[in-house]
Amino acid sequence: MYSTSDLKKGLIIEFEDAPCLVESHQSSDPRARNATVIHKVRLRNLKTNQKLDKSFRSGELFKVPDFQKRKVQYLYQDSTGYHFMDAESYDQFHLPADQLEWESKFLAENMDVTALVYRDEPIALELPPTVVLEITETIPAVKGNSARARNKPATLTTGFVVQVPEHIAQGESVSVDTRTGEFLGRSSK
């Protein structure tokens, strides 16, 4: 069982008989108004993709959803969604694009990720904490402009735009945090 004190972004709990991902969490100051802590949480139902804003009192309990994690490989995207292959059984499945709004920003072909399987049905993805992607488009650095640390937009192979330091060039590989979408540094891939 999870308690309200365990709630954090990325945690999956069972709420209203469905697995739900905690997308954001804020707790009130117990000194304000009353002595109980109120936890404001944005949940995303992983079966229906519906978002829910809920408030919980400190000490409430939540079930741990009964799901499995399976290693899968991302294959391709088409009009029906994103297609994956189970690394053990070689079975293929797809997840709709609207179910992977955030995750799709970091998916590159042939990438290994983890699928969350609930009652024998893949319902969500769990990305690694960081991914290495190549910069496909950015403005060139101007020589002599390195006196101040400035950032510039850079488009990655997935189409996601990240802010990188001015000295990073097109064609370089960079590490990106999949939880925040922030640039972490250069990578040798």
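Look a little higher up for the structure.
Below is a summary of the structure that appears in this document. (Residues numbered from 1 in each chain as written. Predicted model: local features only at pLDDT ≥ 70, side-chain atom pairs only at ≥ 80, totals over all residues. Heavy atoms only, no water.)

Quick look at the sheet that holds strand E4 (residues 38-45)
Formally: The pairing criterion is simple: DSSP has to find at least two bridges between the two strands. Put simply, DSSP marks the helices as runs of H or I at least four residues long and the strands as runs of E at least two long, and each gets a number from the N terminus on. For every element, the axis is a line fit to its C-alpha atoms; helices are fit only across the contacting stretch, and the angle between N-to-C directions ranges from 0 to 180 degrees.
The sheet built from four strands is open, its strands ordered E2-E3-E4-E5 with antiparallel pairing. For this open sheet the edge positions go to strand E2 (12-15) and strand E5 (51-57), each flanked by a neighbour on one side alone. Mean inter-strand twist for the sheet, computed between neighbouring axes without regard to direction, equals 45 degrees. Judged from the four bridges that link them, E2 and strand E3 (residues 18-27) form a sheet pairing that is antiparallel. Residue pairing in the sheet places Ile12 in a bridge with Leu21 of E3.

Notes on the packing of aromatic side chains
The condition that has to hold: When two rings of Phe, Tyr or Trp (its six-membered ring) have centres within 6.5 Å they constitute a pair, described as stacked for plane angles under 30 degrees, edge-to-face for angles over 60, and tilted for the intermediate range.
The full count for this structure, using the stated rule, is eight aromatic pairs. Among the aromatic residues, ring-to-ring pairing joins Tyr74, Tyr82, Phe84 and Phe93 into one connected group.

Considerations on the nonpolar core
Heads up, the rule is: Put simply, a nonpolar core is a bunch of buried Ala, Val, Leu, Ile, Met, Phe, Trp, Tyr and Cys residues held in one set by side-chain atoms that sit within 4.5 Å of each other. In this scheme, a residue with accessible area under 20% of its type's maximum is buried, one over 50% is exposed, and one in between is partly exposed, where area comes from a 1.4 Å probe on protein chains only. Note on contacts: a residue pair qualifies if any of its non-hydrogen atoms lie within 4.5 Å across the two residues.
Within the largest apolar cluster, 25 residues are counted, with the highest numbers of intra-cluster contacts made by Val72, Phe84, Leu107, Val113, Leu125, Ile135 and Leu156. Counting residues per element, the ones that place at least two in this core are strand E7 (67-78), strand E8 (81-86), strand E9 (92-95), strand E10 (112-118), strand E12 (130-138), strand E13 (151-156), strand E14 (161-165) and strand E15 (173-177). Per element, the largest residue contribution to this core is three residues, and it comes from E12. Setting aside anything within four residues of it in sequence, one finds Val113 in contact with Arg70, Lys71, Val72, Phe84, Leu107, Leu125, Glu126, Leu127 and Pro128. Within the second largest apolar cluster, 11 residues are counted, among which are Val22, Leu43, Leu52 and Phe62.

A look at the pattern of salt bridges
Two side chains with opposite charge may pair up if their charged atoms get near one another. Quick reminder of the rule: By salt bridge we mean one thing: a side-chain nitrogen of Lys or Arg within 4 Å of a carboxyl oxygen of Asp or Glu.
All told, the structure shown has eight salt bridges when counted by the stated rule. Arg44 is paired through a salt bridge with Glu103; the nearest N and O atoms lie 3.6 Å apart. Linking Arg44 in strand E4 with Glu103 in the loop between E9 and E10, this pair joins segments that are 59 residues apart in sequence. Accessibility classification places Arg44 together with Glu103 in one group, the buried group. Taking the shortest distance from any N to any O, the salt bridge between Arg179 and Asp177 comes out at 3.2 Å.

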